[in-house]
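# Structural characterization, general
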Amino acid sequence: MRALILGGTADASLLAAEIARAGLDAVYSYGGRTRTPADQPLPTRIGGFGGVSGLADYIGREGITQVIDATHPFAAEMSRHAVEACAETATPLIALERAPWTRASGDNWIDVADVNTAAAALTEAPASVFLAIGRQHIAPFATKPQHTYTLRFVDPPEAPLPFAADVIVSRGPFTLDSELEMMRRRGIAWIVARNSGGDGARAKIDAARRLGLPVIMISRPALPERRRVESVTDVMQWLGHSTRLGA
């Protein structure tokens, strides 16, 4: 077997470590959006494949026998390409996809379908807004320039932003205490977040609940039907191997 991990998430890194411990043949693929991606214990490639046909060609050329889609839940284009390329090449596909967050007591969520709707949902009165959505999705908020925006990226922005903003360059995961301190210090009144799920990015949601702040929550994009699991253990069982997490 030779597996291809479409990665870029903390879950993908956990899977890569487990596959390496099991001594399986696999390649870890980064999309290339982050300039300094985390090191992996597997052979790594960086960059796109060139659409569905490019991914299908790669699967055939490299002898890939299984594909694991462990991309971000909002990396919809890559996930759709994986479904189509695997169907074209008759390659088994599984998605390692964390469960979405659900409302808890005290949450003040405004559910929206996409980034454009999220920008429209912001108040007209000037406020301090934490945009926790990644640099590829901030352009619609230029329609609300009256707000004071705080952005947080893994890498410094390479191009000018479409509006004035205070940029924090930092790599998570973040703790509840650090998120509370950041929000209090900056006087954050609104949070815009994507429903990524998982524990690594949850602290901001817990902090918003603690502070009683409204969260404009962007729903996940619709994806084609595919086999989906929520744990590394499930992926390893699908590959026919047991896990030794924590060993």
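Relevant structure appears above.
Just so you know, these numbers come straight off a predicted model, no measurement behind them.

### Thoughts on the packing of aromatic side chains
- For the structure shown, the criterion picks out 4 aromatic pairs.
- Arranged with centres 6.3 Å apart and planes meeting at 70°, the rings of Phe141 and Tyr149 form a pair that is edge-to-face.
- With a relative accessible area of 1%, Tyr149 lands in the buried category.
- Each member of the aromatic cluster is reached from another via a ring pair, and the members are Phe141, Tyr149 and Phe163.
- Above the plane of the ring of Tyr58 lies Arg45, whose end atom (NZ or CZ) is 5.3 Å from the centre.

### Quick word on the packing of helix α2 (residues 51–61) against helix α3 (residues 76–89)
- Running from amino to carboxyl end, α2 crosses α3 at an angle of 50°, the nearest separation of the two axes being 8 Å. With respect to α3, the axis of α2 lies oblique. For the crossing formed where α2 meets α3, the hand is right-handed. Counting all contacts with α2, which are made through Gly51, Val52, Leu55, Ala56 and Ile59, the residues of α3 involved are Met78, His81, Ala82, Glu84, Ala85, Cys86, Glu88 and Thr89.
- Here the residues of the contact of α2 with α3 are counted per class, giving 8 nonpolar, 3 polar and 2 charged.

### Concerning the environment of Leu151
- With respect to the helices and strands, Leu151 occurs in strand β8 (residues 148–153).
- Leu151 sits in the buried class, given a relative accessible area of 0%.
- Taking C-alpha positions, Leu151 is 27 Å from Gln40, a pair spaced 111 residues apart along the chain.
- Sequence-distant contacts of Leu151, that is, excluding residues within four places in its chain, are made with Leu131, Ile138, Leu161, Phe163, Ala165, Asp166, Val167 and Ile168.

### Examining the sheet that holds strand β10 (residues 190–194)
- Taken in spatial order, the 6 strands line up as β6-β11-β10-β7-β8-β9 in an open sheet, and their pairing is parallel. Each edge of the open sheet is held by one strand with a lone partner, namely β6 (109–112) and β9 (165–169). Strand-to-strand, the axes of this sheet are offset by a mean angle of 20°, without reference to chain direction.
- Bridge analysis of strand β7 (residues 128–132) against β10 gives 4 bridges, and the strand direction is parallel. Each bridged residue has a counterpart across the sheet, and for Ala132 the counterpart in β10 is Ala193.

Quick notes on the rules
- Sequence order as written defines the numbering, with residues in each chain counted from 1.
- It should be noted that, the model being predicted, local features are given only for residues of pLDDT at least 70 and side-chain atom pairs only at 80 or more, the latter also being counted only at that level, while totals for whole chains, interfaces and linings use all residues.
- The side-chain numbers reported here are obtained from all heavy atoms of the structure, hydrogens and water having been left aside.
- Each aromatic pair joins two rings of Phe, Tyr and Trp (for Trp, the six-membered one) with centres within 6.5 Å, and gets the label stacked for planes under 30 degrees apart, edge-to-face for over 60, and tilted for any other angle.
- Each residue is placed in one exposure class: buried if its accessible area under a 1.4 Å probe, protein chains only, is under 20% of its type's maximum, exposed if it is over 50%, and partly exposed if it falls in between.
- By definition, being over a ring means that NZ of Lys or CZ of Arg is both within 6 Å of the ring centre and within 35 degrees of the ring normal.
- For helices, the fitted axis covers only the stretch in contact; all axes are lines through C-alpha atoms, and the angles between them, taken along N-to-C directions, range from 0 to 180 degrees.
- Helix numbers and strand numbers start at the N terminus; a helix is a DSSP run of H or I with at least 4 residues, a strand a run of E with at least 2.
- Note on terminology: angles under 35 degrees are roughly parallel, angles over 145 are roughly antiparallel, angles of 65 to 115 are roughly perpendicular, and the others are oblique.
- Crossing handedness follows the turn of the near helix against the far one: under a right angle anticlockwise gives a left-handed crossing, and clockwise gives a right-handed one.
- Contacts are assigned to residue pairs that have any heavy atoms within 4.5 Å of one another.
- The residue classification treats Ala, Val, Leu, Ile, Met, Phe, Trp, Tyr, Cys and Pro as nonpolar and Asp, Glu, Lys and Arg as charged. All others, Gly included, are polar.
- Two strands form a pair only when DSSP identifies at least two bridges running between them.

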